[in-house]
Amino acid sequence: MRISGFSESEPIGKQHSVIRHPDMPRGVFKKRWETIARGEKCFAYVNNLCRKGDHYRALANFSPDFDGRGEIRVISPCGEDRISKP
């Protein structure tokens, strides 16, 4: 949070696009969700916006979390959802 310039509460409940840098290809996020839906981990470099308009890069790790029914539980600042395993 220190690098981004946002307070901890500012991005909570907001869409990820608030910090997505315009140069970040949307296809990366599509690929991420496809990978998670298959029950696999996804690692990707992401380019995010800082609060004052600068940017930073981070290696992001997205891992599925399975519930007792074998469905993938997704928790994000926007809430919780489930993805049925293919």
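This text goes with the structure placed above it.
Everything quoted here is computed from the prediction, not taken from an experiment. (Residues numbered from 1 in each chain as written. Predicted model: local features only at pLDDT ≥ 70, side-chain atom pairs only at ≥ 80, totals over all residues. Heavy atoms only, no water.)

Let's talk about the overall build of the protein chain
Scanning the protein chain for helices and strands turns up one helix and five strands. What you see in the protein chain, going N to C, is helices and strands ordered as α-β-β-β-β-β. Taking all 86 residues of the protein chain together, the buried fraction comes to 27%. As presented, the protein chain carries roughly 6,300 Å² of accessible surface, and 52% of it is formed by carbon and sulfur atoms. (Helix = DSSP H or I, 4+ residues; strand = E, 2+ residues; numbered from the N terminus. Buried < 20%, exposed > 50% of the residue type's maximum accessible area, 1.4 Å probe, protein only. Areas by Shrake-Rupley, 256 points an atom, 1.4 Å probe, with all protein chains shown as cover.)

Section: the side chain of Asn-47
Examined against the element boundaries, Asn-47 turns out to sit in strand 1 (residues 42–49). For Asn-47, the residues in contact, after removing those within four places along its chain, are Ile-19, Arg-20, His-21, Asp-23, Met-24, His-55, Tyr-56 and Arg-57. (Contact = heavy atoms within 4.5 Å.)

Looking at the pattern of salt bridges
Counted according to the given criterion, the structure contains five salt bridges. Of the charged contacts, one joins Glu-10 and Arg-51 as a salt bridge, the two residues approaching to 2.8 Å between their closest N and O atoms. Here the residue Glu-10 occupies a position in the segment before helix 1 (26–37), and Arg-51 occupies one in the loop between strand 1 and strand 2 (55–62), the gap between them amounting to 41 residues. With a closest N to O distance of 3.5 Å, Arg-69 and Asp-67 form a salt bridge. For Arg-69, a relative accessible area of 61% translates into the label exposed. Taken together, the shared-partner salt bridges connect Asp-67, Arg-69 and Glu-71 into one network. (Salt bridge = Lys/Arg side-chain N within 4 Å of Asp/Glu carboxyl O.)

So, the packing of aromatic side chains
When we look at a pair of aromatic rings, we describe it by the centre distance and by the angle of the planes. Counted according to the given criterion, the structure contains zero aromatic pairs. A cation over a ring is seen here: Arg-32 above Phe-62, with NZ or CZ 4.4 Å from the ring centre. (Phe/Tyr/Trp six-rings, centres within 6.5 Å; stacked < 30°, edge-to-face > 60°. Lys NZ or Arg CZ within 6 Å of the ring centre and 35° of its normal.)

Keep in mind these numbers describe shape, not what the thing actually does.
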